[in-house]
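# A look at the structure
Okay, here's what each chain looks like letter by letter:
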Amino acid sequence: MRPLKEKVSISLDSDIVERVKQLAEEDDRSFSQYINLVLKIHLEKIGIQEKRKP
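Residues numbered from 1 in each chain as written. Predicted model: local features only at pLDDT ≥ 70, side-chain atom pairs only at ≥ 80, totals over all residues. Heavy atoms only, no water.

## Describing a nonpolar patch on the surface
Together, Val8, Ile10, Leu12, Ile16 and Phe31 line one region of the surface with nonpolar side chains, adding up to about 460 Å² of accessible area. If you trace the backbone, Val8 turns up in the segment before helix 1 (14-26). (Patch = residues over 30% accessible without salt bridge, like charges linked within 9 Å, V, L, I, M, F, W, Y side chains within 5 Å. Areas by Shrake-Rupley, 256 points an atom, 1.4 Å probe, with all protein chains shown as cover. Salt bridge = Lys/Arg side-chain N within 4 Å of Asp/Glu carboxyl O. Helix = DSSP H or I, 4+ residues; strand = E, 2+ residues; numbered from the N terminus.)

Dropping the structure here:
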């Protein structure tokens, strides 16, 4: 079963939007899929770092 998705609205700087669109296209993903992937990777990364803190 696929995870549930929620629609959100955010404001991004136009230069960030353009760069993310480029990266998404290069990775053959939609803009939304790419942002989701980037956020997931970031959250996993900081989750690992938080576990290391004493």
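Once you've had a look at it, read on.
## As for helix 1
Count 3.6 residues to each turn of an α-helix, and residues three or four apart come out pointing the same way. Taking 1.5 Å as the rise per residue, helix 1 with 13 residues should run 18 Å; its terminal C-alpha atoms sit 19 Å apart, in good agreement. Here helix 1 has its buried residues at Val17, Val20 and Ala24. Along helix 1, the residues classed as buried sweep out an arc of 70° about the axis, all on the same side. Facing away from the buried side of helix 1 by over 90 degrees, the exposed positions are Asp15, Glu25 and Glu26. One or two residues past the end of helix 1 sits Asp28, with phi positive at roughly 55°. (Expected span 1.5 Å × (residues − 1). Buried < 20%, exposed > 50% of the residue type's maximum accessible area, 1.4 Å probe, protein only. Arc of directions from axis to C-beta.)

## Overview of the environment of Arg2
Residue placement: Arg2 occurs in the segment before helix 1. Under the relative-accessibility criterion, Arg2 is labelled exposed at 70%. Spatially, the C-alpha atoms of Arg2 and Tyr34 are 17 Å apart, while their sequence positions differ by 32 residues.

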